[in-house]
Amino acid sequence: MSSQVATAGGPAGPVPPAGKRKSVMGTRPWVVGLFLLPAIVLLGALVVYPIGYSVWRSLYNADGSGFVGLGNYGDIFTDDATFTAVKNTAIWVAVAPALVTGLGLIFAVLTERVRWATAFKLVIFMPMAISMLAAGIIFRLVYEADPDQGVANAVVVGVHDTFAESSVYPKARPSTESDLKASGGGSFTSTGTVSAGSPALIPLVGIAPNKVPGSPGDAKAAQASGDGVSGTVWLDFKLGGGGEKGAIDTGEKALPGIKVEAVKDGKVVASTKAGDDGTFTLPASADGAQLRLPSSNFAAPYNGVDWLGPSLITPAIIGSYAWMWAGFAMVLIAAGLAGVDRNLLEAARVDGANEWQVFRRVTVPLLAPVLVVVLITLMINVMKIFDLIYIIAPQPTQDEANVLALQLYNSYTGGGGDLGLASAIGVVLLLLVMPVMIVNIRRLRRERRR
C-alpha cells in the first residue's frame with residue numbers, strides 16, 4: 001500500500017520509494033558519484049597519496065631501510081642548518097606579509113589621490129607579471145656589491161659621497177726617499193720640520209701614471225713664498241722609467257687635491273690642498289712644523305652596503321619579495337576601497353577628524369576583511385618561498401638566508417639525499433599552513449552566511 005503525501009491546495013501524492021529518490025537538483029546519487037569520480041581520483045593521486053607517503057617516509061631514515069620514528073622531526077630543531085631555516089621562515093611569516101599588506105594599503109589609498117591613477121597601478125602591478133626566476137636574477141644584479149654594477153649600492157654611494165668627503169688617492173703611499181712615515185690611523189707625518197724659504201718635496205708612489213684620477217698636469221717645483229711654507233706633492237714615477245728618485249723630473253704627474261697639514265706638538269696649525277700642478281702653500285704659522293698627509297687622502301673609497309652579506313641577506317630578499325607582491329596587495333585592497341561608503345568618510349571629516357584620523361579610525365576598520373584576506377594569502381605564499389632565496393643568495397651566505405622550502409630541496413638533492421628529513425620538513429610545512437587555511441575557510445563561511 002503506497003503512502004500518500006498531502007500538498008497544499010491539492011490531494012496527497014505518492015512518495016517515491018527510498019531506492020529511487022533523487023537529489024534536490026533532480027540527479028540520482030550514483031550519477032553524481034560518476035561525474036565526481038575523475039576529480040576524486042585526481043585529488044587522491046595528486047594530493048592525498050603524496051601527503052600520506054610523505055608522512056610515512058618521514059618516519060624512516062635517509063635510504064628508507066630503517067624506522068626512526070620521530071627522529072627526523074627532532075633533527076629539524078637540533079640540526080643547525082635546519083633550525084636556521086625554521087627561524088628564517090618565522091621571520092618571513094612575521095615580516096613579509098605585514099610589509100606587503102602595508103605597502104598595498106598605502107598604494108591603494110594613493111591611487112585615489114594621484115592624477116594618473118591607472119598608470120600608477122600599472123607600474124606597481126607590473127612586477128607581478130615577472131616570474132620569481134626573473135625577479136631573482138634582477139635583484140641579484142640590483143644588490144651587486146660593485147657600485148658600478150649594483151643599482152642599490154650606486155644609490156647608496158651617491159648619497160654618501162654627497163655628504164661625506166671621499167678620498168683622493170686610496171692606493172698612494174710615500175716613496176722610500178720621502179721622510180714621511182706612518183703615524184697611525186692611515187696618515188703619514190714627516191720626521192723633520194719645514195721652514196719658510198725651503199720648498200718641501202713630498203714624493204708619492206703606488207699609483208700608475210695612467211691611473212691617476214682626472215687629468216693631472218706635470219708636476220712643478222714650488223717657489224719660496226716669503227714667510228710661508230711651500231712645497232710640491234707629485235707621483236715620483238713615470239712611464240718608461242728613468243729620472244731621479246725624490247726629485248721632480250720632466251713628465252712626472254702632479255697629485256692635485258692632496259690635503260697637507262702643518263702639525264706642531266700634535267696640533268694642526270694650518271692646512272691646505274695641492275693645486276693642479278701639485279704645489280701648495282702654507283701660512284707663516286707652519287714654519288717649524290711637521291707636515292702630515294691625513295688618512296682622508298688614502299682611505300679606501302666607500303663602496304656601499306654588503307646587501308648579500310650574512311647580516312642583511314634575509315631583509316634584502318624580503319625587499320625583493322615586497323617589490324613583486326605589493327601590486328597584488330594593492331589591487332585587492334583597492335577593490336575593497338572602492339566599495340567603502342564615502343558618506344562615512346565625509347561624516348568623519350564633518351565631525352572634525354583630520355585625514356590621518358579618517359584613515360586610521362574609519363578606512364582601515366572598513367577594509368579589515370580585505371586586509372585579512374591579503375595577509376592570509378601572503379602568509380601561505382611565504383611559507384613556501386624558494387625561488388628568490390635560491391637565486392639571490394650567493395653560495396657563501398645561502399645558509400644564513402635558508403628557509404624550510406630551500407632546506408627541503410637541499411636535504412634531498414645534497415648531502416647524500418636524505419629523503420626522510422626532506423619528507424619531515426614537508427610535513428612540518430603542511431602543518432604550518434593548515435591553521436592558516438582553516439582560519440581562511442572559516443572566514444569564507446562566515447562571509448557566505450551574511
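See the structure shown above.
Remember, it's a predicted structure, so these values are computed and weren't measured experimentally.

S.K.: Is there a simple way to explain unusual backbone geometry in this structure?
M.R.: Positive phi, normally seen in glycine, also occurs at Asp265, with a value near 55°. Position of Asp265 among the secondary structure elements: in the loop between strand 8 (259-264) and strand 9 (267-273).

S.K.: Would you mind going over the sheet that holds strand 6 (residues 200-205) with me for this structure?
M.R.: Sheets are built from strands paired through backbone hydrogen bonds, the pairs being either parallel or antiparallel. One open sheet accounts for four strands, arranged 3-6-7-10; its pairing is mixed. Bordering the open sheet on either side are strand 3 (173-174) and strand 10 (279-282), each of which pairs with just one other strand. In terms of strand pairing, strand 7 (residues 229-235) meets strand 10 through four bridges, oriented antiparallel. Within the sheet, the bridge partner assigned to Thr232 lies in strand 10 and is Thr279.

S.K.: Please clarify how the pattern of salt bridges should be interpreted in this entry.
M.R.: Where charged atoms from two side chains of opposite charge come close, those side chains can pair. If you walk through the whole model with that rule in mind, you get seven salt bridges. Here Glu261 makes a salt bridge to Lys259, at a shortest N to O gap of 3.9 Å. Of the charged contacts in the structure, one is a salt bridge between Glu346 and Arg349, with a shortest N-O distance of 3.0 Å. Here Glu346 and its partner Arg349 are both found in helix 8 (residues 342-350), three residues apart, which amounts to about one turn of the helix.

S.K.: Honestly, a positive patch on the surface in this entry has me stumped. Any pointers?
M.R.: A surface patch of like charges, here positive, comprises Arg442, Arg445, Arg446, Arg448 and Arg449. Among the residues examined, Arg449 registers a relative accessible area of 66% and is labelled exposed.

S.K.: Just to check I follow, could you spell out the nonpolar core for this structure?
M.R.: Note on soluble globular proteins: their nonpolar side chains tend to be buried together. Core analysis: the largest hydrophobic core is formed by 54 residues, its most contacted members being Trp92, Ile317 and Tyr321. Of all elements in the fold, only helix 3 (80-111), helix 5 (132-142), helix 7 (313-338), helix 8, helix 9 (355-366), helix 10 (368-383), helix 11 (387-392) and helix 13 (419-449) reach the threshold of two or more residues within this core. At 15 residues, the largest contribution of residues to this core is made by helix 7. Aside from chain neighbours lying at most four places away, what touches Trp92 is Pro97, Thr314, Ile317, Ile318, Tyr321, Val382, Ile385, Ile389 and Val403. Residues Ile207, Leu235, Leu255 and Leu282 belong to the second largest nonpolar core, which totals 26 residues.

S.K.: Would you mind going over the sheet that holds strand 8 with me for this structure?
M.R.: Pairing is antiparallel across the open sheet formed by five strands, whose spatial order is 4-5-11-8-9. Only two strands of the sheet have a single partner each, and these edge strands are strand 4 (180-182) and strand 9. Here the strands of the sheet are splayed against their neighbours by 30° on average, with no regard to which way each runs. Direction of pairing for strand 8 relative to strand 11 (residues 290-293): antiparallel, over a ladder of three bridges. Note on strand 11: the bridge partner recorded for Val263 is Gln290.

S.K.: Would you mind showing me how to read the pairing of strand 8 here?
M.R.: The side chains of a regular strand alternate, residue by residue, between the two faces of the sheet. Relative to strand 9, strand 8 runs antiparallel, the two sharing six bridges. For Val260, the partnering residue across the bridge sits in strand 9 and is Thr272. Connecting the antiparallel pair strand 8 and strand 9 is a turn made up of two residues, with Asp265 showing a positive phi of about 55°.

S.K.: Please clarify how the packing of aromatic side chains should be interpreted in this entry.
M.R.: Two numbers describe a pair of aromatic rings. These are the distance of the centres and the angle of the planes. In total, this model carries 16 aromatic pairs according to the counting rule given. Measuring from ring centre to ring centre gives 5.7 Å for Phe139 and Tyr143, while their planes differ by 45°; the resulting arrangement is tilted. Tyr143 sits in the buried class, given a relative accessible area of 9%. Pairing Phe139 with Trp323 gives two aromatic rings, centres 5.1 Å apart and planes at 65°, and the pair type is edge-to-face. Of this pair, Phe139 sits in helix 5 while Trp323 is found in helix 7, placing the two residues 184 residues apart along the sequence. Pairwise contacts between aromatic rings join Tyr49, Tyr53, Trp56, Tyr60 and Phe67 into one cluster.

What counts as what
- Residues numbered from 1 in each chain as written.
- Predicted model: local features only at pLDDT ≥ 70, side-chain atom pairs only at ≥ 80, totals over all residues.
- Heavy atoms only, no water.
- Helix = DSSP H or I, 4+ residues; strand = E, 2+ residues; numbered from the N terminus.
- Pairing = 2+ DSSP bridges.
- Salt bridge = Lys/Arg side-chain N within 4 Å of Asp/Glu carboxyl O.
- Patch = residues over 30% accessible without salt bridge, like charges linked within 9 Å, V, L, I, M, F, W, Y side chains within 5 Å.
- Areas by Shrake-Rupley, 256 points an atom, 1.4 Å probe, with all protein chains shown as cover.
- Lys, Arg positive; Asp, Glu negative; His and termini not counted.
- Charge placed at Lys NZ, Arg CZ, Asp CG, Glu CD.
- Buried < 20%, exposed > 50% of the residue type's maximum accessible area, 1.4 Å probe, protein only.
- Core = buried A, V, L, I, M, F, W, Y, C linked by side-chain atoms within 4.5 Å.
- Contact = heavy atoms within 4.5 Å.
- Axes fitted to C-alpha atoms, helices over the stretch in contact; angles between N-to-C directions.
- Phe/Tyr/Trp six-rings, centres within 6.5 Å; stacked < 30°, edge-to-face > 60°.

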